[in-house]
Amino acid sequence: MDSLHPIALRDKTFVPYITQPQIETRVQQLAAALNDYYGTQTVLLMPILTGALRFVAGLLPLLEFPYELHCIQISTYATEMSAQKAPAYTLAPPCPLPGLPVLLLEDIVDTGHTLDFVIQDLLQAGETEVQCASLLFKPAAYKGAHRPRFVGFEIPNAFVVGYGLDYAQQGRHLPHLYQLAP
Ligand code: 5GP
């Protein structure tokens, strides 16, 4: 495990925020909540690439209900720390949808625009049950209409990296979550 020191990525410094053991404990609790919620139903899991991959890799072995798996990808952020353009698919959901309850798996819900975009699209395509599990949620930044039902950590409105999340494609490999230094 990397030592818990500040790290530099490109032009920014990030400080340790949530450690890998803390994340893993919380992911276990999230999995238990999902197992309770879905019971024996078959679910269509939709990880939202790319930041959610590490979260999803930890979560999948803990899920006890049957699932189908279809990754989607949405382009919103380029290399900056704020939204640059409206969300658009770079990898779209299956068409037609298989008619299963959908669980979107996100790394972080910030303004909620990305989640709103996907959920609106799925509802328009005829889905009736769409939920989201997000490792991180920023309530102070949130302006959306569809809050994630399952949240790992509510965090303040500061940019985070590590555990799969990047800053301009750097930092995804870090085992812990780091926060932009004040
Ligand atoms: P939203 O549409 O909710 O504002 O943003 C969703 C996406 O923005 C996330 O999936 C993630 O890619 C990116 N994002 C938002 N906040 C952060 C952050 O603090 N750190 C990183 N690395 N990405 C973020």
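Above: the structure in question.
Predicted model only: the values in this text are computed from it and were never measured.

Regarding the environment of Tyr17
Here Tyr17 lies in strand β2 (residues 12-18). A residue is classified by how much of its surface remains accessible, and Tyr17, at 29% relative accessible area, is partly exposed. With sequence-adjacent residues up to four places away left out, Tyr17 is seen in contact with Gln22, Ile155, Pro156, Val160, Leu177, Tyr178 and Gln179.

A look at the site of the ligand
Taken together, 16 residues are adjacent to the ligand, and Thr111, Thr114, Lys138, Val160 and Asp166 come closest. At 2.5 Å from an oxygen atom of the ligand is found a side-chain nitrogen or oxygen belonging to Thr111. Contact distances for the ligand include 2.7 Å between an oxygen atom and a side-chain N or O atom of Lys138. About the coverage of the ligand: the protein hides 90% of its 500 Å² of free accessible area. Counting residues per element, the ones that place at least two in the shell around the ligand are β7 (102-109) and α3 (113-124).

Notes on the environment of Val15
Looking at the element boundaries, Val15 is found in strand β2. Given a relative accessible area of 24%, Val15 falls into the partly exposed group. A sequence separation of 164 residues divides Val15 from Gln179, and the C-alpha atoms of the two residues are 5.3 Å apart. Filtering out sequence-adjacent residues up to four positions away, Val15 remains in contact with Pro6, Leu177, Tyr178, Gln179 and Ala181.

Concerning the pattern of salt bridges
Considering all chains together, one arrives at 3 salt bridges under this definition. One salt bridge connects Asp110 with Lys138, and the closest N-O pair in it is separated by 4.0 Å. With a gap of 28 residues between them, Asp110 in the loop between β7 and α3 and Lys138 in the loop between β8 (130-137) and β9 (150-154) connect regions that are remote in the sequence. Under the relative-accessibility criterion, Asp110 is labelled buried at 18%. Taking relative accessible area as the criterion, Lys138 reaches 4% and is therefore assigned buried. Across the pair Arg172 and Asp166 runs a salt bridge whose closest N-O atoms are separated by 3.5 Å.

Overview of the state of the cysteines
Counting across every chain of the model gives 0 disulfides. With no disulfide partner, Cys95 has as its closest neighbouring cysteine sulfur the one in Cys71, 18 Å distant. For the unlinked cysteine Cys132, the closest cysteine sulfur is that of Cys71, found at 14 Å. The buried category is assigned to Cys132, whose relative accessible area is 3%.

Considering the sheet that holds β2
A sheet is described by the order of its strands in space; here 4 strands give the open sequence β1-β2-β11-β10, paired in antiparallel fashion. Edge strands, defined here as strands with exactly one partner in the open sheet, are β1 (7-9) and β10 (160-161). Across 2 bridges, the pairing between β10 and strand β11 (residues 177-180) is antiparallel. Bridged to Val161 within β11 is Tyr178.

So, the nonpolar core
Core analysis: the largest hydrophobic core is formed by 28 residues, its most contacted members being Ile23, Leu34, Leu59, Leu103, Leu135 and Leu136. Residue assignment for this core shows that the elements contributing at least two residues are α1 (20-38), β3 (43-49), α2 (53-59), β7, β8 and β9. Apart from the residues lying within four places of it in its own chain, the contact partners of Leu59 are Val27, Ala31, Leu34 and Leu105. Counting 19 residues, the second-largest nonpolar core is a separate cluster that includes Leu44, Leu100, Val109 and Leu122.

Cut-offs used in this document
- Residues numbered from 1 in each chain as written.
- Predicted model: local features only at pLDDT ≥ 70, side-chain atom pairs only at ≥ 80, totals over all residues.
- Heavy atoms only, no water.
- Helix = DSSP H or I, 4+ residues; strand = E, 2+ residues; numbered from the N terminus.
- Buried < 20%, exposed > 50% of the residue type's maximum accessible area, 1.4 Å probe, protein only.
- Contact = heavy atoms within 4.5 Å.
- Near = heavy atom within 4 Å.
- Polar contact = N/O pair within 3.5 Å; in protein donor to acceptor, adjacent residues only side chain to side chain.
- Areas by Shrake-Rupley, 256 points an atom, 1.4 Å probe, with all protein chains shown as cover.
- Salt bridge = Lys/Arg side-chain N within 4 Å of Asp/Glu carboxyl O.
- Disulfide = S-S within 2.5 Å.
- Pairing = 2+ DSSP bridges.
- Core = buried A, V, L, I, M, F, W, Y, C linked by side-chain atoms within 4.5 Å.

That is the geometry; function is a separate question.
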